[in-house]
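Given next are the chains, with one letter for each unit.
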Amino acid sequence: MSIERSFPGPLEVVTALLDATNLHDLEALTACFAPDYRLEMPAHPDRSFRGVEQVRRNWSMFFTSIPDLSARMPAAFEAGPEVWSEWEMTGIRNDGSRHEMRGVMIFTVSEGLIRACRFYLEPVERGTGDIDRAVRSAALGGPS
């Protein structure tokens, strides 16, 4: 007789990650990830990493440096083992400056754990110019 294990669905796991983030519960947060978790940052490939210990270091720094950090997930869509999700994170850093990131994370979840993520969150930039300046910078190179 085989015992069938039941795991939470992918969107449930990502929602648990959001909840742990807002509770600043490092143990609950890291428990959402597989030991060999892989993060890919396509826009910043040198920042990609593997392993839950890097997740722990990253979030420990966030929780220490941004004591009121809060996250929202305005939109999410589950497609098989993937969750495509839009995230917003805000707070005030210990030095009084504002922390604000927005973007998309695409999670791959199996057996109740996050196995991988393609990470597209970026710091929100204000006062950096209009779309014409951004397009010029992208087309010609140089600062935006």
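Let me sum up the structure you'll find in this document.

Conventions and cut-offs
- Residues numbered from 1 in each chain as written.
- Predicted model: local features only at pLDDT ≥ 70, side-chain atom pairs only at ≥ 80, totals over all residues.
- Heavy atoms only, no water.
- Core = buried A, V, L, I, M, F, W, Y, C linked by side-chain atoms within 4.5 Å.
- Buried < 20%, exposed > 50% of the residue type's maximum accessible area, 1.4 Å probe, protein only.
- Helix = DSSP H or I, 4+ residues; strand = E, 2+ residues; numbered from the N terminus.
- Contact = heavy atoms within 4.5 Å.
- Salt bridge = Lys/Arg side-chain N within 4 Å of Asp/Glu carboxyl O.
- Phe/Tyr/Trp six-rings, centres within 6.5 Å; stacked < 30°, edge-to-face > 60°.
- Expected span 1.5 Å × (residues − 1).
- Pairing = 2+ DSSP bridges.

Notes on the nonpolar core
Ranked by internal contacts, the top residues of the largest apolar core, which has 32 residues, are Phe33, Trp87, Phe107 and Ile114. At the level of secondary structure, the elements contributing two or more residues to this core comprise helix 1 (10-23), helix 2 (26-30), strand 1 (33-40), helix 3 (52-65), strand 3 (70-79), strand 4 (82-92), strand 5 (98-110) and strand 6 (113-119). Residue contributions to this core peak at five residues, all from helix 1. For Ile114, the contacting residues outside a window of four places in its chain are Val13, Leu17, Cys32, Phe33, Ala34, Tyr37, Phe107, Thr108 and Val109.

Re the pattern of salt bridges
Pairing is possible between side chains that carry opposite charge, provided their charged atoms lie close to one another. Per the stated rule, a full pass over the model turns up nine salt bridges. Taking the shortest distance from any N to any O, the salt bridge between Glu40 and Arg38 comes out at 2.9 Å. Residue class for Arg38 comes out partly exposed when judged on its relative accessible area of 32%. With a shortest N-O distance of 3.8 Å, Glu53 and Arg56 are connected by a salt bridge. Of this pair, Glu53 and Arg56 both sit in helix 3, three residues apart, roughly one helical turn. With a relative accessible area of 24%, Arg56 lands in the partly exposed category.

Considerations on the packing of aromatic side chains
As enumerated under the stated definition, the model contains five aromatic pairs in all. Here the aromatic residues Phe33, Tyr37 and Phe49 are joined through ring pairs into a cluster of three or more.

Looking at helix 3
With 14 residues, helix 3 extends 20 Å between its outermost C-alpha atoms, agreeing within 8% with the 20 Å of an ideal straight helix rising 1.5 Å per residue. Where helix 3 is buried, its residues contact helix 1, helix 2, strand 1, strand 2 (49-50) and strand 4.

As for the pairing of strand 1
Bridging between strand 1 and strand 6 involves four bridges; their strand directions are parallel. Bridge pairing in strand 6 links Arg38 to Ala116. Note: strand 1 against strand 2, two bridges, orientation antiparallel. Residue Arg38 lies in a different strand from strand 2, and its bridge partner there is Arg50.

Honestly, that's just the spatial picture; any functional story needs more than this.
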